[in-house]
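What the coordinates show
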Amino acid sequence: MPEGGKRRRGTSTRTPLSRERVIRAAVAVADEKGATALTMRAIAEPLGVEAMSLYHHVAGRDDVLDGMVDAVFGEIELPKGGTEWKSAMRRRAESVRAALRRHPWAVGLMDSRSRPGPATLRHHDAVLGVLRAGGFSVPMAVHAFSLIDSYLYGFVLQELSLPFGDSAEQDEVTGAILRDMPADAYPHLAEVAAEHVLNPGYDYADEFDFGLTVILDALRPDEDGTQV
């Protein structure tokens, strides 16, 4: 007999199903196949259970989406109180962008849920808290939050839609466009491609930092008081 005795018949070593495991499996499915492939059956399959078993832990697909969005917000670095607001907003924007690049399906869902989870609420409260501590009035904090996120989500959406994934592919795609494009018909596009995009070291991702800097430099606290 093996050391420790024979395992009792009928016992299982499978990890018990839980809401957390269901949400984690759903995120993995969406990461691999996109949100359109997210069915209860598709979530149940990698968990080794029947789809109906999921309903003991989630109410349905909308509940799953709520949990998935909250899970992504949970990956984002929270702005820390006591941090200078501009630095905090930059670090937070970089963290959001990284999370959305890991989970491309989430771009259009982040602020779509009518029942936000605790990670989502913590995130939004922390962002507003840093802006308020930095001297932004309530209306101006809302304006700043909205402006930053409009740029952030829009940039990531555009970035994910580009027909290249890295600098090498970027140069290949740009070169092919140039070869097929009559330069005299589109002189400014040809100029940008030849003198900027195809220059060594150019990376489209750098455009993110440029735009974010313009936005953060344009924002100003509008209440009296010392910035944190």
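A few points on the structure. (Residues numbered from 1 in each chain as written. Predicted model: local features only at pLDDT ≥ 70, side-chain atom pairs only at ≥ 80, totals over all residues. Heavy atoms only, no water.)

**Structural notes on the overall build of the protein chain**
- Across its full length, the protein chain holds nine helices and zero strands.
- If you list the helices and strands of the protein chain from N to C, you get α-α-α-α-α-α-α-α-α.
- For the protein chain, whose C-alpha radius of gyration is 23 Å, the value lies well above the compact-globule estimate of 17 Å for 228 residues.
- Overall, the C-alpha framework of the protein chain stretches about 80 × 55 × 35 Å when taken along its three principal axes.
- For the protein chain, buried positions account for 39% of its 228 residues. (Helix = DSSP H or I, 4+ residues; strand = E, 2+ residues; numbered from the N terminus. Rg over C-alpha atoms; globule rule 2.2 N^0.38 Å. Buried < 20%, exposed > 50% of the residue type's maximum accessible area, 1.4 Å probe, protein only.)

**What to know about the packing of aromatic side chains**
- Using the criterion set out here, one finds five aromatic pairs in the structure.
- With a centroid separation of 4.8 Å and an interplanar angle of 80°, the aromatic rings of Trp85 and Phe136 are classed as edge-to-face. In this pair, Trp85 is assigned in helix H4 (residues 85-102) and Phe136 in the loop between helix H5 (118-133) and helix H6 (138-161), connecting sequence segments 51 residues apart.
- Relative accessible area serves as the criterion here: at 3%, Trp85 is assigned to the buried category. (Phe/Tyr/Trp six-rings, centres within 6.5 Å; stacked < 30°, edge-to-face > 60°.)

**Section: the side chain of Asp63**
- Secondary-structure assignment places Asp63 in helix H3 (residues 61-75).
- Taking relative accessible area as the criterion, Asp63 reaches 13% and is therefore assigned buried.
- Leave out the neighbours within four places in its chain, and Asp63 touches Arg19, Ile23, Val58 and Arg115. (Contact = heavy atoms within 4.5 Å.)

**Here's the deal with the pattern of salt bridges**
- Here the structure, examined in full by the defined rule, presents 12 salt bridges.
- Ionic pairing is found between Glu159 and Arg101, a salt bridge with its closest N-O pair at 3.0 Å. Of this pair, Glu159 sits in helix H6 while Arg101 sits in helix H4, and the two are 58 residues apart along the sequence.
- Judged by relative accessible area, which is 41%, Arg101 ranks as partly exposed.
- Between Glu223 and Arg132 there is a salt bridge, and its shortest N-O distance comes to 3.2 Å. Here Arg132 lies in helix H5 and Glu223 lies in the segment after helix H9 (206-218), a separation of 91 residues in the sequence.
- Judged by relative accessible area, which is 37%, Glu223 ranks as partly exposed.
- Under the relative-accessibility criterion, Arg132 is labelled partly exposed at 37%.
- Linked by salt bridges that have partners in common, Asp62, Asp66, Arg113 and Arg115 make up one network. (Salt bridge = Lys/Arg side-chain N within 4 Å of Asp/Glu carboxyl O.)

**Here we look at a negative patch on the surface**
- A cluster of like negative charges, contributed by Glu94, Asp166, Glu169, Glu172, Asp203, Asp206 and Asp209, occupies part of the molecular surface.
- Counting only elements with at least two residues in the negative patch, the list comes to helix H7 (167-180) and H9.
- With respect to the secondary-structure elements, Glu94 resides in helix H4. (Patch = residues over 30% accessible without salt bridge, like charges linked within 9 Å, V, L, I, M, F, W, Y side chains within 5 Å. Areas by Shrake-Rupley, 256 points an atom, 1.4 Å probe, with all protein chains shown as cover. Lys, Arg positive; Asp, Glu negative; His and termini not counted. Charge placed at Lys NZ, Arg CZ, Asp CG, Glu CD.)

**Quick look at the packing of H4 against H9**
- Between H4 and H9, the shortest axis-to-axis distance is 11 Å and the interhelical angle comes to 145°. Where H4 crosses over H9, the two elements pack in a sense that is right-handed. On H9, the residues that touch Trp85, Lys86, Met89, Arg90, Ala93, Glu94 and Arg97 of H4 are Phe208, Asp209, Leu212, Thr213, Leu216 and Asp217.
- Looking at the contact of H4 with H9, its residues break down into six nonpolar, one polar and six charged. (Axes fitted to C-alpha atoms, helices over the stretch in contact; angles between N-to-C directions. Left-handed = near helix turned anticlockwise from the far one by under 90°. Nonpolar A, V, L, I, M, F, W, Y, C, P; charged D, E, K, R; others polar.)

Geometric values such as these leave the question of function open.
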